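The primary structure of each chain is shown beneath.
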Amino acid sequence: RGVPPTVLLLGTNHRGLGARIALSCRPWQTPLGVVEVDMELLGALEARGCVVDESGHAAEHSIENQLPFLQYLSPEVRIVALGLGWLTLRESGQLATAIL
């Protein structure tokens, strides 16, 4: 029960900017404060082929909308933000394997 110490957030890339599977390595500012990135999980996903691409997050809101709820429930939560564009079935399978 409750919120785990780290949450992997999947968000839609509505605008199609940047990589179709885009990690973010920057801390996220919300009205409740800053949400830090779990760099260990981020590094593990990079090692499995995911790329950091901030341009995929720059004009988006799908991840930002989730953060205050997580912060309210767990002020010390860390995240890894993963923006997703249009993926093929193969890319989706590769991403699922990388996450697991």
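In case you missed it, the structure is sitting above this.
Everything numeric here is computed off the predicted structure, so don't read it as measured data.

Caption draft 1: Up close: the pairing of strand E6 (residues 78-84). When you tally the buried positions in E6, you get six out of seven residues, the bulk of the element. Two elements, strand E1 (residues 6-12) and E6, share seven bridges in a ladder whose sense is parallel. Among the inter-strand pairings, Gly 11 is bridged to a residue of E6, identified as Gly 83. The pairing of strand E2 (residues 21-24) with E6 spans four bridges and is classified as antiparallel. Each residue of the ladder has a partner; that of Ile 21, found in E6, is Leu 84. Examined bridge by bridge, strand E4 (residues 33-37) and E6 share two bridges and lie parallel to one another. What sits directly across from Val 37, in E6, is Ile 79.

Caption draft 2: Up close: the nonpolar core. Among the nonpolar cores identified, the biggest contains 22 residues, and Leu 9, Ile 21, Leu 23, Trp 28, Cys 50, Ile 79 and Leu 95 are the most heavily contacted of them. Put simply, the parts of the chain that give this core at least two residues each are E1, E2, E4, helix H1 (39-47), helix H2 (67-73), E6 and helix H3 (89-99). With five residues, the top contributor of residues to this core is E6.

Caption draft 3: Local environment of the side chain of Asp 53. Its location among the elements puts Asp 53 in the loop between strand E5 (51-52) and H2. Despite its burial, Asp 53 remains without a salt bridge, the nearest opposite charge being carried by Arg 26 at 10 Å. Engagement of the side chain of Asp 53 in a polar contact is seen with the side chain of Ser 55, the distance being 2.5 Å. Setting aside residues up to four positions removed in sequence, Asp 53 forms contacts with Gly 18, Ala 19, Ala 22 and Leu 23.

Caption draft 4: Representation of the packing of aromatic side chains in the model. In the structure shown here, the tally under the stated rule is zero aromatic pairs. Over the aromatic face of Trp 28 sits the side chain of Arg 26, whose NZ or CZ is 3.9 Å from the ring centroid.

The rules behind each value
- Residues numbered from 1 in each chain as written.
- Predicted model: local features only at pLDDT ≥ 70, side-chain atom pairs only at ≥ 80, totals over all residues.
- Heavy atoms only, no water.
- Buried < 20%, exposed > 50% of the residue type's maximum accessible area, 1.4 Å probe, protein only.
- Helix = DSSP H or I, 4+ residues; strand = E, 2+ residues; numbered from the N terminus.
- Pairing = 2+ DSSP bridges.
- Core = buried A, V, L, I, M, F, W, Y, C linked by side-chain atoms within 4.5 Å.
- Lys, Arg positive; Asp, Glu negative; His and termini not counted.
- Salt bridge = Lys/Arg side-chain N within 4 Å of Asp/Glu carboxyl O.
- Polar contact = N/O pair within 3.5 Å; in protein donor to acceptor, adjacent residues only side chain to side chain.
- Contact = heavy atoms within 4.5 Å.
- Phe/Tyr/Trp six-rings, centres within 6.5 Å; stacked < 30°, edge-to-face > 60°.
- Lys NZ or Arg CZ within 6 Å of the ring centre and 35° of its normal.

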